[in-house]
Amino acid sequence: MRPFQLLAGPGDVSDARGLAAAARRAEQIGIDVLVLTDHLIDQLAPIVAMTAAADATERLGVGTFVFNNDLRHPAVLAQDLGSIDVLSGGRLQIGIGAGWNEPEYVAIGTPFEPVRVRQARLAEAIAVLKGCFADGPFSFEGAHYTVRDYDARPKPVQRPHPPFLIGGGGRRTLELAAREAQVVGLAPRILSGQRSEPGSITGAGTAEKIGWVRDAAGHHFADLRLNVYPSGWPVTVTNEARPVARQLVDRFRRRTGVELTEAEVLESPHVFVGSIDGLEAKIREQRERLGIDSIMVGELGELDALVERLAGT
């Protein structure tokens, strides 16, 4: 059984000193990868912030959770990422997804195309990134990207490429992740609307997604890490989890019309509500039963005590 891979965000930081302090704190308590989000909001740009975090530390991995593929051409992104991997001495992890937040697209005049188009573009972008990271020139001809006899530089330190984290809640994206990623993010679909699948957040829903990944990965499945993260409710450390669970049940009912049980909510791999002892036991049980061994714990400070217990185990 592999040790856990632990990921965390730096929290609310807006300057170099705060980011460096957060990165050093993450390294000290046992976080493996400090991850930055990628949104067009009031936050530090992830590429710049990853570089600064790596510079402030010695062992800490840096990554994204996750890049919106539609915001950058993959060949341009490859140069940025290759540079980070070189400057950090091989500590980069690449989290990337198809993009989902429509208001950001509207704000900058970028078409928010149907999910299948965004998924297809993501698949091509991953092929371009890996082609850029490989030795020698390469060419690629797709529906969305064309690359001709291009030898991208700099090449990353990690060969053949830094590890990819690809996540999603739908079968098509998870099958892509199973084929192309080293870490598969098991995202729930719990938003209201046409594509809402509240059961996706439950243990049973997660097990179904893992089955899709297993079928698509084949013999490669044993090499994959499976990742979960808090979703649908803030991280809540409490000895009284049931009242919080009732609030979650009510919230899901209001947003989706679906009735989950308190037990389903508290057992969900994506609900981080309970005591430190209880959360530790739950996470260890999930690894044993489902193989989930990559944990995004939210932001630093919320679950530092849990991280210190899980780190290296």
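Parameters at a glance
- Residues numbered from 1 in each chain as written.
- Predicted model: local features only at pLDDT ≥ 70, side-chain atom pairs only at ≥ 80, totals over all residues.
- Heavy atoms only, no water.
- Helix = DSSP H or I, 4+ residues; strand = E, 2+ residues; numbered from the N terminus.
- Expected span 1.5 Å × (residues − 1).
- Buried < 20%, exposed > 50% of the residue type's maximum accessible area, 1.4 Å probe, protein only.
- Contact = heavy atoms within 4.5 Å.
- Pairing = 2+ DSSP bridges.
- Right-handed = clockwise from strand over helix to strand, strands pointing away.
- Phe/Tyr/Trp six-rings, centres within 6.5 Å; stacked < 30°, edge-to-face > 60°.
- Axes fitted to C-alpha atoms, helices over the stretch in contact; angles between N-to-C directions.
- Parallel < 35°, antiparallel > 145°, perpendicular 65-115°, else oblique.
- Nonpolar A, V, L, I, M, F, W, Y, C, P; charged D, E, K, R; others polar.
- Core = buried A, V, L, I, M, F, W, Y, C linked by side-chain atoms within 4.5 Å.
- Salt bridge = Lys/Arg side-chain N within 4 Å of Asp/Glu carboxyl O.

Caption draft 1: Summary view of helix 7 (residues 203–217). The first and last C-alpha atoms of helix 7 sit 21 Å apart over 15 residues, in line with the 21 Å expected at 1.5 Å per residue. Listed as buried for helix 7 are G203, G205, T206, K209, I210, G211, W212, V213 and A217. The secondary structure elements touched by the buried residues of helix 7 are helix 6 (171–180), strand 9 (183–186), strand 10 (225–228), helix 10 (276–290) and strand 13 (292–299). Phi turns positive, to about 60°, at G218, one or two residues after helix 7.

Caption draft 2: Inspection of the pairing of strand 1 (residues 5–9) at higher detail. By the criterion of burial, strand 1 is predominantly enclosed, with five of the five residues buried. Side chains of strand 1 alternate between two faces, with Q5, L7 and G9 and L6 and A8 buried alike. Of the pairings in the sheet, the one linking strand 1 to strand 13 comprises four bridges and is parallel in character. Its bridge partner lying in strand 13, L7 is registered against M296. Bridge analysis of strand 1 against strand 2 (residues 33–36) gives two bridges, and the strand direction is parallel. Its bridge partner lying in strand 2, A8 is registered against L34. Each parallel crossover has a hand, and for strand 1 linked through helix 1 (residues 16–29) to strand 2 it is right-handed.

Caption draft 3: Representation of the packing of aromatic side chains. Per the stated rule, a full pass over the model turns up two aromatic pairs. When the ring of F65 is compared with that of Y229, the centres are 5.4 Å apart and the planes differ by 75°; the resulting orientation is edge-to-face. Here F65, found in the loop between strand 3 (61–64) and strand 4 (67–68), pairs with Y229, found in the loop between strand 10 and strand 11 (236–237); they are 164 residues apart in sequence, far enough to count as distant. We classify Y229 as buried; its relative accessible area is 19%.

Caption draft 4: Quick look at the packing of helix 5 (residues 115–133) against helix 6. Where helix 5 meets helix 6, the closest approach of the two axes is 10 Å, and the angle between their N-to-C directions is 10°. As judged from the angle between their axes, helix 5 and helix 6 are roughly parallel. Within the contact between the two elements, helix 5 uses R116, Q119, L122, A123, I126 and K130 and helix 6 uses R172, T173, L176 and E180. A class-by-class count of the residues in the contact of helix 5 with helix 6 yields four nonpolar, two polar and four charged.

Caption draft 5: Representation of the pairing of strand 13 in the model. Along strand 13, seven of the eight residues are buried, which leaves the element largely enclosed by surrounding structure. Sheet topology places strand 10 next to strand 13; three bridges connect them, and they run parallel. Across the sheet, the residue bridging to N227 is S294, located in strand 13.

Caption draft 6: A look at the nonpolar core. One finds I31, M50, L81, I96, L186, V213 and I295 to be the most contacted residues of the largest nonpolar core, which totals 72 residues. Looking at this core element by element, the count peaks at seven residues for helix 5. Apart from residues lying up to four places away in sequence, I295 is in contact with F4, Q5, L6, L7, N227, V228, F272 and I283. By size, the runner-up hydrophobic cluster in this structure holds twelve residues, among which are I201, A245, V271 and V273.

Caption draft 7: Layout of unusual backbone geometry. Here the bond from F65 into V66 is cis, since omega is -10°, no more than 30 degrees from zero. Looking at the secondary structure, you find V66 in the loop between strand 3 and strand 4. A cis amide bond, omega 5°, links R159 with the succeeding residue P160. On the secondary structure map, P160 appears in the loop between strand 7 (146–150) and strand 8 (164–168). In this structure, D149 is a non-glycine residue whose phi angle is positive, near 50°.

Caption draft 8: Geometry of the pattern of salt bridges. This model, assessed by the stated rule, comprises 20 salt bridges. When the shortest N-O distance is used, the salt bridge between R25 and D304 registers 3.4 Å. Of this pair, R25 sits in helix 1 while D304 sits in helix 11 (residues 304–310), and the two are 279 residues apart along the sequence. Classification of R25 by relative accessible area gives partly exposed; the value is 32%. The partner of D135 in a salt bridge is R159, and the shortest N-O contact between them spans 2.8 Å. With a gap of 24 residues between them, D135 in the loop between helix 5 and strand 6 (138–141) and R159 in the loop between strand 7 and strand 8 connect regions that are remote in the sequence. The exposed category is assigned to D135, whose relative accessible area is 67%. In the salt-bridge network here, residues are joined through shared partners; they are D277, E280, R284 and R309.

None of the figures reported here should be taken as evidence of function without further support.
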